[in-house]
Amino acid sequence: MLCFRTANVGSSFLNSAIKFTAAKNFDDVLTVSSREQYSEVLTLLEEKGGETNKADRKAMARKAFDISSHYDSKIFDYFNAEGETESLKLSERETAT
């Protein structure tokens, strides 16, 4: 299991920056949040002559949120290993009902 002690503070800051960029600027900015996306982005740009549309940028923003929410959840789970705090994750509550 990945432990919080192995993560560096820069990753946490970058994680927040990715979320902010994706949320606020996806109308104009293509967010690339993982090295694994490089070939996908290059192909997209080659196919579209260096341009992206709103649907492309929204899809990449969605992936950024997926990555960052997973990371945030792992940090919470580490600090809450003994279950001291009830999860406030709305997505889990909505799924349970």
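Just so you know, these numbers come straight off a predicted model, no measurement behind them. (Residues numbered from 1 in each chain as written. Predicted model: local features only at pLDDT ≥ 70, side-chain atom pairs only at ≥ 80, totals over all residues. Heavy atoms only, no water.)

**Examining the overall build of the chain**
- A count of helical and extended segments in the chain gives four helices and zero strands.
- The buried share of the chain, reckoned over its 97 residues, is 22%.
- Within the structure as shown, the chain displays about 7400 Å² of accessible surface, and the carbon and sulfur contribution to it stands at 57%. (Helix = DSSP H or I, 4+ residues; strand = E, 2+ residues; numbered from the N terminus. Buried < 20%, exposed > 50% of the residue type's maximum accessible area, 1.4 Å probe, protein only. Areas by Shrake-Rupley, 256 points an atom, 1.4 Å probe, with all protein chains shown as cover.)

**Regarding the environment of Ala55**
- Following the sequence through the fold, Ala55 ends up in helix α3 (residues 54-79).
- Residue Ala55 is classed as exposed on the basis of its relative accessible area of 54%.

**Here's the deal with the pattern of salt bridges**
- Within this structure, the stated rule accounts for three salt bridges.
- Residue Lys54 is joined to Asp27 by a salt bridge in which the shortest nitrogen-to-oxygen separation is 3.2 Å. With Lys54 in helix α3 and Asp27 in the loop between α1 (9-25) and α2 (38-47), this pair connects stretches of sequence that are 27 residues apart.
- A salt bridge links Glu40 to Lys63; the shortest N-O distance between them is 2.6 Å. (Salt bridge = Lys/Arg side-chain N within 4 Å of Asp/Glu carboxyl O.)

**Quick look at the side chain of Gln37**
- With respect to the element layout, Gln37 can be found in the loop between α1 and α2.
- Overall, Gln37 belongs to the buried group, its relative accessible area being 6%.
- At a separation of 2.8 Å, a polar atom in the side chain of Gln37 contacts the main-chain amide nitrogen of Ser33.
- The contact partners of Gln37, leaving out residues within four places of it in the chain, are Thr31, Val32, Met60 and Lys63. (Polar contact = N/O pair within 3.5 Å; in protein donor to acceptor, adjacent residues only side chain to side chain. Contact = heavy atoms within 4.5 Å.)

**What about the confidence of the model for the chain?**
- Taken over all residues, the pLDDT of the chain has a mean of 78, while the share at 70 or more is 73%.
- Across residues 1-9, confidence stays below pLDDT 50; counting only partners more than four residues off in sequence or on other chains, it has eight contacts. (pLDDT = per-residue confidence, 0-100.)

**A look at the packing of aromatic side chains**
- The tally for this structure, following the rule as stated, stands at one aromatic pair.
- Consider the rings of Tyr78 and Phe79, whose centres lie 5.3 Å apart with planes at 75 degrees: the pair is edge-to-face.
- Taking relative accessible area as the criterion, Phe79 reaches 53% and is therefore assigned exposed. (Phe/Tyr/Trp six-rings, centres within 6.5 Å; stacked < 30°, edge-to-face > 60°.)

**Quick look at α3**
- Across its 26 residues, α3 extends 37 Å between first and last C-alpha, which sits within 8% of the 38 Å expected from 1.5 Å per residue.
- Those residues of α3 that fall on the buried side of the exposure criterion are Asp56, Arg57, Met60, Ala61, Ala64, Ser68, Tyr71 and Ile75.
- Its side-chain oxygen placed 3.0 Å from the backbone nitrogen of Ala55, Asn53 serves as the N-cap of α3. (Expected span 1.5 Å × (residues − 1).)

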